[in-house]
Structure formats: C-alpha cells, structure tokens
Amino acid sequence: MLFLLILCFVSAFVAAALVIRYGRGHARRYAAGVPQRFHVGHVPRLGGIAMLAACSIGWGWMAVSQRLGIPNQIRSDVWLAAALCTVSFLGVAVGTVEDLSQRLPVRFRLLLTVAASALAIWMLGLSVSRLGLPWLDGAWAAMPWLGVFLAALAITGLPHAFNLIDGYNGLAGTVAVVCCFALAYVALQVGDRQLAAVVLVLAGATAGFLVWNYPRGLIFAGDGGAYLWGVVIAIASILLVQRHAQVSPWFPLLLLIYPVLETLFSIYRKASRGQSPGVADALHFHQLIYRRIVREVFEDDEARRMLMRNNRTSPYLWGFAVMTVLPAVLFWDRTPLLMVFIIASVVVYVRAYVSIVRFKVPRWLRR
C-alpha cells in the first residue's frame, strides 16, 4: 500500500506539472467576474485529468500486479479496477467539458452524473441494504429498491457536494485526502485490504496534485477533480458498508457531513429566496469566511494579496472537517453515537453560518 501511495503521488505530481506547462491556454476562457473566482491570473482547471491518470495507474497496478508475479496482500480484482476507471472517467469527462467550455448546463451535468451512478450500481451491484436501526431495517430490506435509490443518490450527489466546497486552494483536496485515510483505516479494521488500497490510490493522487495546488495555486482541480473525488469516495463508502455488517451506515454520513451539509444548506438557502439551486452565488460557508473572518493582507501586488487570503481560508474549514472525521473514525461501528455527532455537526454548522452572517464572530477567530 505504501508503494501504491508513492506510485500515485509521483504520477499525479508529474501529470499536474505537464498540465501546468501545457494547459494554461484554456484558462483564459474562464470569466473574471464569476462569483466563485478568488484568484488573479489564468490558472488551468484540469487537475482532475492529472489525478484520474494517476488513479488509473494505481488501480491498474492493483489488478495486474499478481498476474505479473509480483507478490502483495491486496486481492486482485480486474472487474473492480475496470468499474472504477470507467465510472471515474465518465465523471471526470463531464467535469472537464464544463472546465473547458463553462457552457455545460447544470441539468446536463446532473443527468450525466446520474448516468455514472447507474453505471457504478450495475457494474458493482451497489446498494445500501440497511440503515443500522433494527426497528427499521426489516422494512428497509423488504424494499430493496430503496437501497439502490440511496446508493444512486449518494454517487450522484457527492461529486456536486465536493464541487461546492472546492473554492480555495487545498480546501476540497485536503478534505478528500482526510476522508480517504479515514475510509482506509476502517477498511483495514475489518480486514478489507482491497478497499483500503482503492481509496489510498485516490489519496496518493490527490496529494500529488496538492503539491502544486497549495499554497501556490498553480493548478485547480476543477469540476473534473471534484467529480472524481465524489464518485470514488461515494463508491468506496457504499462498498464498505455493503461488505461489512459491523460498519455503521452512518459512518460515511458523519465522515462526509461537511460537503453534504454545504450542499443541503445551499439548496435550502437558494430555494428560500426563489432561486434555482444551480445558480452560483458567493454565500457558501468558505466564501463567508474569506470575506468576513480572514483579515486583509497588505501587499502591493493584488495577485499575491488575494493568494495569501485564499490560502488562509482553507485551514478554518479543515478544522471543521477534522472535527467530524475524528468521531467518525473513533465510533465507526456505533450507530447511536454517530447519529448524535451528526446532529451536533448540523447545529455547529448552522450556528457558525448564522454568526458570520450577523457579524457575531469571536475576535480570536478573526486572524
């Protein structure tokens, strides 16, 4: 597994360097006045391609290494590797088209991610067959289509959730890496080395990308990178719960509560104002932190000033993500405790958001 991490890290590092060198031309098409732009200059948004290339190498190595006579303790599964590469390619392709053109309507992107989730469910037989609540699991099992629907909802929604939090250098990428290591840890606790290796491949690829993304902001993940994170982490989470009865179905929800909350709250916020959920705005949690908590940086150069404020925003959200990941990892098999922490996370998120909007942030946080 250490070899897989290093292999994918180096592959993504090199691929991202090539994108930075030869992919700047497309960045000029990215409009300067969009609400989600917090940088100066033309930065390629093709990090998803670099990470997908590295992941394909890692999953391919998992599938063929034993057939090449190279001993390892990871069970070889060509079908799983093929499914991951196929579904990830579809997700990254959808995001990359938007990154290159900025003209792919939200409904088309949603439909294409639905197609990717249907393909994943068909190829891997995915389903959330239980909820970890004995009084409800019997009725849930009697309607297997509910489990398939929930799996489709997760694989469709999580890519867009990661896309929503992908607003500042290192933010979504670091959250993805932390979630991957958490999933790998729990997978190893239940003896599933194959699934642990799957997410460590993504973690290594993301780390290689982050070298260029944070703090210098030389390349962005783009929609393609966010969709890659969402698709793979959603599939891995469903497989972990589906394969191992001791893992609570609420573990992945708490683990990913930050992007999930950001998405649900964004939908509620826009719907309450009569706006379409697909309309971009500048009122996401990370954007409010950038505007109202992170202090101005006094630099003569505008690009450097914006870059430094950009970099100072991400650690606030890393802290919130870690606060949810830690209890998820500690209590991955205890449904009642996980549910309590999920409720607490919702309360903390909403209270923090409202406090920022009303300019009631504690002085010690405004640094």
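Residues numbered from 1 in each chain as written. Predicted model: local features only at pLDDT ≥ 70, side-chain atom pairs only at ≥ 80, totals over all residues. Heavy atoms only, no water.

Asks: Please explain helix H1 (residues 2-22) as it appears in this structure.
Replies: Note: α-helices contain 3.6 residues per turn, so residues at a spacing of three or four share the same orientation. Helix length check: H1, at 21 residues, gives a terminal C-alpha distance of 30 Å against a target of 30 Å (1.5 Å per residue), a fit within 8%. For H1, the set of buried residues is Leu-4, Cys-8, Ser-11, Ala-12, Ala-15, Ala-16, Val-19 and Ile-20. Within H1, the buried residues cover an arc of 165° as seen down the axis, which keeps them to one side. Across H1 from its buried face, at more than 90 degrees, point the exposed residues Leu-2 and Arg-21. (Helix = DSSP H or I, 4+ residues; strand = E, 2+ residues; numbered from the N terminus. Expected span 1.5 Å × (residues − 1). Buried < 20%, exposed > 50% of the residue type's maximum accessible area, 1.4 Å probe, protein only. Arc of directions from axis to C-beta.)

Asks: Whenever I open this one, the pattern of salt bridges confuses me. Can you help?
Replies: Close approach of charged atoms lets side chains of opposite charge pair. Under the criterion given, the structure shown has four salt bridges. Asp-99 is paired through a salt bridge with Arg-45; the nearest N and O atoms lie 3.5 Å apart. With Asp-99 in helix H4 (residues 78-101) and Arg-45 in the loop between helix H2 (24-27) and helix H3 (47-64), this residue pair connects regions lying 54 residues apart in the sequence. With a relative accessible area of 1%, Asp-99 lands in the buried category. The closest approach of N and O atoms between Arg-109 and Asp-223, which form a salt bridge, is 3.4 Å. You can see Arg-109 sitting in helix H5 (residues 106-124) and its partner Asp-223 sitting in helix H10 (residues 222-243), a full 114 residues away along the chain. Pair check on accessibility: Arg-109 and Asp-223 agree, each one buried. If you follow the salt bridges from partner to partner, you end up with Arg-45, Asp-99, Arg-109 and Asp-223 in one network. (Salt bridge = Lys/Arg side-chain N within 4 Å of Asp/Glu carboxyl O.)

Asks: Quick question: what am I supposed to make of the nonpolar core here?
Replies: Grouped burial of nonpolar side chains is what soluble globular proteins tend to show. With 104 residues, the main nonpolar core has Leu-126, Phe-162, Ile-233, Ile-235 and Phe-251 as its most contacted residues. Sequence-distant contacts of Phe-251, that is, excluding residues within four places in its chain, are made with Ala-182, Leu-183, Val-186, Leu-240, Ala-328, Val-329, Trp-332 and Leu-338. (Core = buried A, V, L, I, M, F, W, Y, C linked by side-chain atoms within 4.5 Å. Contact = heavy atoms within 4.5 Å.)

Asks: Got a minute to help me understand H3 in this structure?
Replies: Over its 18 residues, H3 extends 26 Å from the first C-alpha to the last, a length consistent with the 26 Å expected when each residue adds 1.5 Å. Every buried residue of H3 is listed here: Gly-47, Gly-48, Ala-50, Met-51, Leu-52, Ala-54, Cys-55, Gly-58, Trp-59, Met-62 and Ala-63. Elements in contact with the buried residues of H3: H1, H4, helix H9 (193-213) and H10.

Asks: Is there a simple way to explain the packing of aromatic side chains in this structure?
Replies: Note on aromatic pairs: each is described by the distance of the centres and the angle between the planes. Evaluated as defined, the whole model comprises 13 aromatic pairs. Between the aromatic rings of Tyr-258 and Phe-320, the centroid separation amounts to 5.8 Å while the plane-to-plane angle is 75°, which identifies the pairing as edge-to-face. Linking Tyr-258 in helix H12 (residues 257-272) with Phe-320 in helix H14 (residues 302-330), this pair joins segments that are 62 residues apart in sequence. According to the relative accessible area criterion, Tyr-258 is buried, its value standing at 1%. What makes Phe-320 buried here is its relative accessible area of 8%. What links up through ring pairs into an aromatic cluster is the set Tyr-258, Phe-265, Tyr-268, Phe-320, Tyr-349 and Tyr-353. (Phe/Tyr/Trp six-rings, centres within 6.5 Å; stacked < 30°, edge-to-face > 60°.)

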